[in-house]
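Survey of secondary and tertiary structure
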Amino acid sequence: MHPSLSRGAIAAALLVSIAAGQESSSAGAVTRGDTGVLVPLHELPSGDAEPSLERLWAAGPDWKASFAPRFAFYPVLGREYPVNLPLCWTTTRCGRTEGAASAALPGERESCSPLRFERSHGDALVEAYDLRAEGVEQSFVLPKLPSGSGDLVIEGTVETPLRAAHRAPQHGELLFCDESGTPILSYGAAQVFDARGESAPVRSGWDGELIRLVVDEEFLRDAALPLVVDPLIRSVIIDGGSARHQNADLVRNDETNEICTTYERWSSATDSDAFARVTSDDLLSTTQIWADLGADRSTVHPRVAAVGGANRYAIAFERQFPAANFSSVSVYLHDQDSDVLNSGTIASLSRGVNEQDSVPVISGTASFTADAQALLVWRRDVATDFGNTPTSRVFARLLDASTATFGTQVGVGGNGSIDAEAPAVVRQSDGTGLGWVVAWQENASNLWNVLARRISATAVATTHVSLGSPSVGLQDISPAVDGREGRFLVAFVERFSTATDLAPTGSRISARRLDWIEGGSPSVGPLRVVVDAGATPNLSFREARSVAFDDDGGSLWMLAYRDAAFGSRAVRLGDDGLAAERFDVRAVASGETPHEPALCFDNDDQRFLIGFTVDRAQDRVEIAEYHFDPAAIPQRLGPTCGGEIRGVASFAGGLWIAGHRGVAVNLSSAPPGVSARLFASIGLAAQPIPLPLSPSGCTLLLDPLVLIEVASGVTNAGGVFAPSFVLPSTAFGVELYWQYLLLSPSGLASSDALRTRIR
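Notes on the structure follow. Model, not experiment: these values are computed from the prediction.

Here is what the cut-offs are and how they apply
Residues numbered from 1 in each chain as written. Predicted model: local features only at pLDDT ≥ 70, side-chain atom pairs only at ≥ 80, totals over all residues. Heavy atoms only, no water. Helix = DSSP H or I, 4+ residues; strand = E, 2+ residues; numbered from the N terminus. Buried < 20%, exposed > 50% of the residue type's maximum accessible area, 1.4 Å probe, protein only. Contact = heavy atoms within 4.5 Å. Pairing = 2+ DSSP bridges. Axes fitted to C-alpha atoms, helices over the stretch in contact; angles between N-to-C directions. Disulfide = S-S within 2.5 Å. Core = buried A, V, L, I, M, F, W, Y, C linked by side-chain atoms within 4.5 Å. Salt bridge = Lys/Arg side-chain N within 4 Å of Asp/Glu carboxyl O. Lys, Arg positive; Asp, Glu negative; His and termini not counted. Polar contact = N/O pair within 3.5 Å; in protein donor to acceptor, adjacent residues only side chain to side chain.

Let us now look at the environment of V588. Its place among the elements puts V588 in the loop between β48 (579-587) and β49 (593-594). Taking relative accessible area as the criterion, V588 reaches 35% and is therefore assigned partly exposed. Along the sequence, V588 and S149 sit 439 residues apart, while their C-alpha atoms lie 62 Å from each other. Residues within four places of V588 in sequence aside, it is in contact with A564, A565, F566, G567 and P594.

Let us look at the sheet that holds strand β56 (residues 675-681). Taken together, five strands build an open sheet; the order of strands is β53-β62-β61-β56-β59 and the sheet is antiparallel. The open sheet has two edge strands, β53 (635-637) and β59 (707-714), and neither has a second partner. Each adjacent strand pair in this sheet contributes to an overall mean axis angle of 25 degrees, direction not counted. Two strands pair when backbone bridges link them, and β53 and strand β62 (residues 747-757) are joined in this way by three bridges, in the antiparallel orientation. Bridge assignment links R636 to a residue of β62, and that residue is L754.

To continue, consider the state of the cysteines. The tally for this structure, following the rule as stated, stands at one disulfide. One disulfide bridge connects C641 with C698, the sulfur atoms lying 1.8 Å from each other. Taking the torsion about the S-S bond as the criterion, the C641 to C698 disulfide, at about 120 degrees, is right-handed. Placement of the pair is C641 in the loop between β53 and β54 (644-649) and C698 in the loop between β57 (684-690) and β58 (699-702), with a sequence separation of 57 residues. Overall, the relative accessible area of 2% leaves C698 in the buried class. Cysteine C177 remains unbridged, with the sulfur of C88 as its closest cysteine sulfur at 18 Å. Residue C177 is classed as buried on the basis of its relative accessible area of 15%. C260 supplies the cysteine sulfur nearest to C600, a cysteine that is in no disulfide, at a spacing of 10 Å. Taking relative accessible area as the criterion, C600 reaches 3% and is therefore assigned buried.

What follows covers the nonpolar core. Core analysis: the biggest nonpolar cluster contains 46 residues, and F67, F71, W89, V136, F176 and I211 have the highest contact counts within it. Residue contributions to this core peak at four residues, all from strand β4 (residues 63-68). Filtering out sequence-adjacent residues up to four positions away, I211 remains in contact with W89, I154, E155, G156, V158, L174, F176, Y187, G205 and W206.

Strands sit in the order β21-β22-β23-β24 across an open sheet of four strands; the sheet is antiparallel. Two strands bound the open sheet, and with one partner strand each, they are β21 (245-253) and β24 (286-292). Ignoring which end each strand starts from, the neighbouring axes of this sheet average 20 degrees apart.

With that out of the way, let us pick up the pattern of salt bridges. Close approach of charged atoms lets side chains of opposite charge pair. Scanning the model with the defined rule gives 55 salt bridges in all. Of the charged contacts in the structure, one is a salt bridge between D48 and R319, with a shortest N-O distance of 2.7 Å. One end of the pair, D48, is in the loop between β2 (39-42) and β3 (56-60); the other, R319, is in strand β26 (residues 312-321), with 271 residues separating them in the sequence. Given a relative accessible area of 14%, D48 falls into the buried group.

Following the sequence through the fold, R397 ends up in strand β31 (residues 393-400). For the buried R397, which has no salt bridge, the nearest side chain bearing the opposite charge is D357, at an N-O separation of 7.6 Å. Of the polar contacts made by the side chain of R397, one reaches the backbone oxygen of G407; its length is 2.8 Å. Setting aside residues up to four positions removed in sequence, R397 forms contacts with L349, S350, A374, L375, L376, W378, F406, G407, T408 and Q409.

As structure tokens, then:
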């Protein structure tokens, strides 16, 4: 076994130049947009225990609509608006102004395709709705004209809390506004087309209850049937940050090489919908795979995991039903090879009387494993409504993602007399019967503390460990955790306050390494302060998803957070739990505000992926990608007279990454059985220095004034010596030079030199 380099010796060699390394620019972060697209007509997936009262839905970038049992158009207004402001339409009349009246339309028949819904009223009228990015195009198709004479009149009864100026029929849009007079919705100026393509304007009127569409008799005289009348119903864009998209989460699927992103979208403060998209690795194409739309409930807190053995995505979410005063937790399971919207199935947790389930998180299993289990963790309150209580408990439950069946329930935190909140779970287990690490916060004696425990694949929970350091005036809250193979990092917000409220903000973020092998005892590392904002409590986390682990090299974590003053930020942490690099993901700018980011790691491209939402006039869900600096690949320099030096890193194609534990400086092609000493320096010698008592061409290439010996040993029978070590996180930004000197009976010899740029 080769000796490891002393970490203290490495640290001493680096002290001369590390001060600038810890404050990084945002180099390496590239942001691409994930903008709104049409969600086609769909029903909820099978297995849903709580379907929407309105059964057929579609959505666009700033609107959603239901089509059965009637047409209802909902502008997406954001959480600034206390309630929804829809326009609901029922067609009530189609006739002529003179002659036989058609007070009642024939019976209805419905049909739909992904982007079009039709309601046929016998052979008299087809009422159709076509989905457009800008809104829903309503049209009326008349195969024949109603009996009688005079103008053609189509009437619809409208129910809406919005207001529009009353007017007699005239050509032009009807603009509907809220109580303050802000435009919200437009019922557009309509046209009529005949079978030859001839067209004419349609007059529209509004009396407070009915919209009346009028086609002049003059156009009807020579028109070729059928006729089409088509207004466009659209949202009016409201400028400014409206908090429409929030709460993003994402996971990278190593089997399909794609990214699944989930997020909320708020139509109003009482109505949120949830969505999931699958995005290609190059971030250029995206497909909607799940939408949970409704107006009688809010779908919030979507969290996504990939379950390797089931080849499925598992999306946990909470539904809140204000009218019925309860909240529930479900999991949507979607085959990873399917691009068909809502083609999966839903598994819902059962609840007892007055049990309120909320804030779920979910963990899957590693790709390319046979294990189909996921672990669902959530909060449960006993209450008559879905408000939080001071005696919340945290539970976990196994879920077979192949069969959509729940297994054993496990108590995680709380006991009915203290408060347990903010569950967090690692991104995935290692599969093959291995379990998970769960973290949460708990309030005892008016102090919030962060705790963790392991839960096995057979639903056995270990004794918990304490990870925070609460004291009078210091609250530890909002944990996030990730890791694999017994190596974990738990990060949490610390708030300097005696208040025990659940505000998720604090003035610093701290972290601890937690080494915990399945079946073994936990080892808790020192508490590290990662981010310190001073006295201002500006920092907040995306609970459970703000930490990601590099499951390729097995050494590094990234932590992402929101600073209310500056925007979304990230910190890369090393194997020692210390900060190596800091950078901005998305800064606060005029008219836009980024929210708390979520993280995952892509071990194919050695990059961290950062998902977050941005408030602005056109809200976005975005993904930033962080790549390691390619300048971190070692380079060999100068001549050799006694062996060849190699820089080896078992991560990211040989990059030397601060905080990584799998690096080595190898000597090869040297004489066997000779003494080898490895030296490091922060620079090269001005001129190569000839070595005494050595053959010609043997030179010291390193700066002799700043030179330290970091390892020594004897080459093996093959002429190899290969000491390995952990690069300290504080080495970020340092450039070091390395060279071997060899002492043999024939004299002193040297290897070539190695330049390492540590990033």
